[in-house]
Amino acid sequence: MTIVRLDHYNLAPNDMEATVKFYEDVVGLHVGDRPDFGVDGYWLYAGEQAVLHLLEEESRSTGPTGRLDHVAFWATDLASHIERLQKADLQFMLRTVEVAGMHQLFFKDVDGVTIEIGFPSNEPVPDTVDRRMGL
């Protein structure tokens, strides 16, 4: 089980367009491709890497972690990460986003911050996985 890198962080801003403009004009990121997740938003890139995901979903902007929706890592060995979560008896959600070529594993830390770990979609999903919902 290996965490390879911090992948991105996700915000649910009050003013989407002002936030995009700030991160483009002040920070120097640029808007790039984003898969259709059924919710409006943007991915802002540093070079070729999408480092900031903006999510336009009102319900996520008022939660216990404020505007921070989640922090995401990229990793390998999906099966061992799932096993670790099951041993800790943590609820999680697993989804596969074929157009992005990835599996996404979501769970909460001890303070309620959502953690996402992404894996290449060519890694097999264990047969014993219960794709739990309820995060």
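The notes below deal with the structure included here. (Residues numbered from 1 in each chain as written. Predicted model: local features only at pLDDT ≥ 70, side-chain atom pairs only at ≥ 80, totals over all residues. Heavy atoms only, no water.)

**Section: the overall build of the chain**
Okay, step 1: Within the chain, the regular secondary structure consists of 2 helices and 8 strands.
Okay, step 2: Counting from the amino terminus, helix and strand elements in the chain follow one another as β-α-β-β-β-β-α-β-β-β.
Okay, step 3: Taken over 135 residues, the chain has a buried fraction of 37%.
Okay, step 4: Contacts in the chain between residues at least 24 apart in sequence constitute 55% of all its contacts with a sequence separation of at least 6.
Okay, step 5: Total accessible area computed for the chain in this model is approximately 7,800 Å², and 51% of it derives from carbon and sulfur atoms. (Helix = DSSP H or I, 4+ residues; strand = E, 2+ residues; numbered from the N terminus. Buried < 20%, exposed > 50% of the residue type's maximum accessible area, 1.4 Å probe, protein only. Contact = heavy atoms within 4.5 Å. Areas by Shrake-Rupley, 256 points an atom, 1.4 Å probe, with all protein chains shown as cover.)

**As for the side chain of Glu116**
Okay, step 1: Its location among the elements puts Glu116 in strand β8 (residues 114–120).
Okay, step 2: One buried charged residue, Glu116, remains without a salt bridge, the closest side chain of opposite sign being Arg95 at 6.4 Å.
Okay, step 3: A polar atom in the side chain of Glu116 sits 3.3 Å from the side chain of Gln104.
Okay, step 4: Dropping the residues within four chain positions of it, Glu116 is found in contact with His8, His70, Val71, Ala72, Phe73, Met102, Gln104, Leu105 and Phe106. (Lys, Arg positive; Asp, Glu negative; His and termini not counted. Salt bridge = Lys/Arg side-chain N within 4 Å of Asp/Glu carboxyl O. Polar contact = N/O pair within 3.5 Å; in protein donor to acceptor, adjacent residues only side chain to side chain.)

**Observations regarding the pattern of salt bridges**
Okay, step 1: Enumeration according to the criterion identifies 3 salt bridges in this entry.
Okay, step 2: One salt bridge in this structure joins Arg5 and Asp7, with 2.9 Å as the shortest N-O distance.
Okay, step 3: By relative accessible area, Asp7 is classed as buried at 11%.
Okay, step 4: The residue Lys87 makes a salt bridge to Glu83 at a minimum N-O spacing of 3.1 Å. One end of the pair, Lys87, and the other, Glu83, are both in helix α2 (residues 78–87), 4 residues apart, so they sit about a helical turn from each other.
Okay, step 5: Looking at Glu83, the relative accessible area reads 40%, which means it is partly exposed.

**Looking at the sheet that holds strand β2 (residues 30–32)**
Okay, step 1: Spatially, 8 strands are ordered β2-β3-β4-β1-β5-β8-β7-β6 in an open sheet, and the strand pairing comes out mixed. Each edge of the sheet is formed by a strand with only one pairing partner; in this case those strands are β2 and β6 (93–97). Across the sheet, the mean angle separating the axes of adjacent strands is 30 degrees when strand polarity is ignored.
Okay, step 2: By the bridge criterion, 8 bridges tie strand β1 (residues 2–11) to strand β5 (residues 68–76) in an arrangement that is antiparallel. Pairing of Leu11 across the sheet is with Leu68, part of β5.
Okay, step 3: The strands touched by helix α1 (residues 16–27) are β1, β2, β3 (41–46) and β4 (49–55); relative to β3, the strand with the most contacts, the crossing angle is about 5 degrees. (Pairing = 2+ DSSP bridges. Axes fitted to C-alpha atoms, helices over the stretch in contact; angles between N-to-C directions.)

**As for the pairing of β1**
The side chains of a regular strand alternate, first on one face of the sheet and then on the other.
Okay, step 1: Where β1 and β4 come together, 3 bridges link them in parallel fashion. Each bridged residue has a counterpart across the sheet, and for Tyr9 the counterpart in β4 is Leu52.

**Focus on the nonpolar core**
Okay, step 1: Listed in full, the 12 residues of the largest apolar core are Ala75, Leu78, Ile82, Leu85, Phe92, Leu94, Leu105, Phe107, Val113, Ile115, Ile117 and Phe119.
Okay, step 2: Residue assignment for this core shows that the elements contributing at least two residues are α2, β7 (102–108) and β8.
Okay, step 3: Residue contacts for Ile115: discarding those within four places in its chain leaves Val71, Phe73, Leu105, Phe106, Phe107 and Asp109.
Okay, step 4: Counting residues in each nonpolar core, the second largest holds 8 residues, with Leu11, Tyr23, Leu29 and Leu54 among its members. (Core = buried A, V, L, I, M, F, W, Y, C linked by side-chain atoms within 4.5 Å.)

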